[in-house]
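# A closer look at the structure
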Amino acid sequence: MSEEKKKYNVDSFNLDHTKVTAPFVRLASEKTGRKGDIVSKYDIRFCQPNKEFMENGTIHTLEHLVAEYIRDEMPNIVIDFSPMGCRTGFYFTVWGDHEESWIAERLVNVLKKVAVWDKPIPAATEKECGNYREHNLEGAKEMAKKWVQGITEKGWNCYK
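What this report covers is the structure whose coordinates are included nearby. All of these numbers come straight from a predicted model, not from anything done at the bench.

Here the focus is the overall build of the chain. What the chain contains, in helices and strands, is four helices and four strands. The order of helices and strands in the chain, counted from the N terminus, is α-β-β-α-β-β-α-α. Computed over C-alpha atoms, the radius of gyration of the chain comes to 16 Å, within 12% of the 15 Å expected from 2.2 N^0.38 for 160 residues, which places it in the range of a compact globule. Taking the principal axes of its C-alpha atoms as reference, the chain extends roughly 60 × 40 × 30 Å. Expressed as a percentage of contacts within the chain between residues at least 6 apart in sequence, the contacts between residues at least 24 apart total 68%. Carbon and sulfur atoms provide 49% of the accessible area of the chain, an area that totals close to 9,600 Å². Charged side chains in the chain number 24 positive and 25 negative. The centres of these two groups are separated by 2 Å.

This is the structure:
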């Protein structure tokens, strides 16, 4: 008798984290709304699952920088860019269905800017941010550089 694998409601819980190679961009889910609108959620993985993770200040700063500047790169389609609880990456939600490679190209453009960021972190004051003291710009720059290098060398696909 074969052991049946439980199917979870959350897509990432069904991903075999031992078989993927970070960094990557992966379409996690696609939903069609009542009016026919398509919403796509991507797994943007920075760290190898169960081998490494980002510290809170790094992930917080990446979230501020990418969430702000991805909207310049992809006007009118970005819904959300939010960190994963496991601190290995982000979920990126957009309107429409887009190739993973197209999403990766846009993120490369933004993360190249993050890798050399030399301005203040946007919205990082007590008035604008719920945890303004916990940022790590140097960590965010290093993680951005690592992601761009990894995607450039191996491509966006997590199963290579």
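More follows now that the structure is in view.
To continue, consider the side chain of R106. Note that R106 resides in helix 3 (residues 100-115). Under the relative-accessibility criterion, R106 is labelled buried at 16%. A polar atom in the side chain of R106 sits 3.0 Å from the backbone oxygen of W102.

Enumeration over the complete set of coordinates arrives at five aromatic pairs. Ring centres of Y69 and W117 lie 5.1 Å apart, and the angle between their planes is 40°; on these two criteria the pair is classed as tilted. Here W117 lies in the loop between helix 3 and helix 4 (137-154) and Y69 lies in helix 2 (residues 56-73), a separation of 48 residues in the sequence. The positively charged end of K119 is found above the aromatic ring belonging to W117, 4.8 Å away from the centroid.

The space that makes up the largest pocket amounts to roughly 160 Å³. Every residue along the wall of the largest pocket is listed here: N9, V10, D11, S29, K31, V39, S40, K41 and T93. Counting only elements with at least two residues in the lining of the largest pocket, the list comes to strand 1 (24-32) and strand 2 (38-45). Considering every element that reaches the lining of the largest pocket, the biggest residue donor is strand 2, with three residues. Its residues assigned to classes, the lining of the largest pocket shows two nonpolar, four polar and three charged.

The next point concerns the pairing of strand 3 (residues 78-83). The pairing of strand 3 with strand 4 (residues 89-95) spans five bridges and is classified as antiparallel. Looking across to strand 4, one finds that V78 is bridged to V94. A loop of five residues connects strand 3 with strand 4, the two strands running antiparallel in sequence, and R87 in this loop sits at a positive phi of about 65°.

Here we come to helix 4. Relative to the 26 Å expected for 18 residues at 1.5 Å per residue, helix 4 spans 26 Å between its end C-alpha atoms, a close match to the ideal helical length. Turning to helix 4, its buried residues are G139, A140, K141, M143, A144, W147, V148, G150 and I151.

Scanning all chains against the criterion turns up eight salt bridges. Here E52 ties to K146 by a salt bridge, and the two come within 2.7 Å at their closest N and O atoms. In this pair, E52 sits in the loop between strand 2 and helix 2 while K146 sits in helix 4, placing the two residues 94 residues apart along the sequence. Of the residues examined, K146 reaches a relative accessible area of 36% and is grouped as partly exposed. Members of the salt-bridge network, linked through shared partners, are R26, D43 and R45.

The rules behind the values
Residues numbered from 1 in each chain as written. Predicted model: local features only at pLDDT ≥ 70, side-chain atom pairs only at ≥ 80, totals over all residues. Heavy atoms only, no water. Helix = DSSP H or I, 4+ residues; strand = E, 2+ residues; numbered from the N terminus. Rg over C-alpha atoms; globule rule 2.2 N^0.38 Å. Contact = heavy atoms within 4.5 Å. Areas by Shrake-Rupley, 256 points an atom, 1.4 Å probe, with all protein chains shown as cover. Lys, Arg positive; Asp, Glu negative; His and termini not counted. Charge placed at Lys NZ, Arg CZ, Asp CG, Glu CD. Buried < 20%, exposed > 50% of the residue type's maximum accessible area, 1.4 Å probe, protein only. Polar contact = N/O pair within 3.5 Å; in protein donor to acceptor, adjacent residues only side chain to side chain. Phe/Tyr/Trp six-rings, centres within 6.5 Å; stacked < 30°, edge-to-face > 60°. Lys NZ or Arg CZ within 6 Å of the ring centre and 35° of its normal. 1 Å grid on protein atoms, 1.4 Å probe; cavity = no way out; pocket = protein on both sides within 12 Å on 5 of 7 lines; lining within 4 Å. Points joined across faces, edges and corners; volume = space filled by probe spheres on them. Nonpolar A, V, L, I, M, F, W, Y, C, P; charged D, E, K, R; others polar. Pairing = 2+ DSSP bridges. Expected span 1.5 Å × (residues − 1). Salt bridge = Lys/Arg side-chain N within 4 Å of Asp/Glu carboxyl O.

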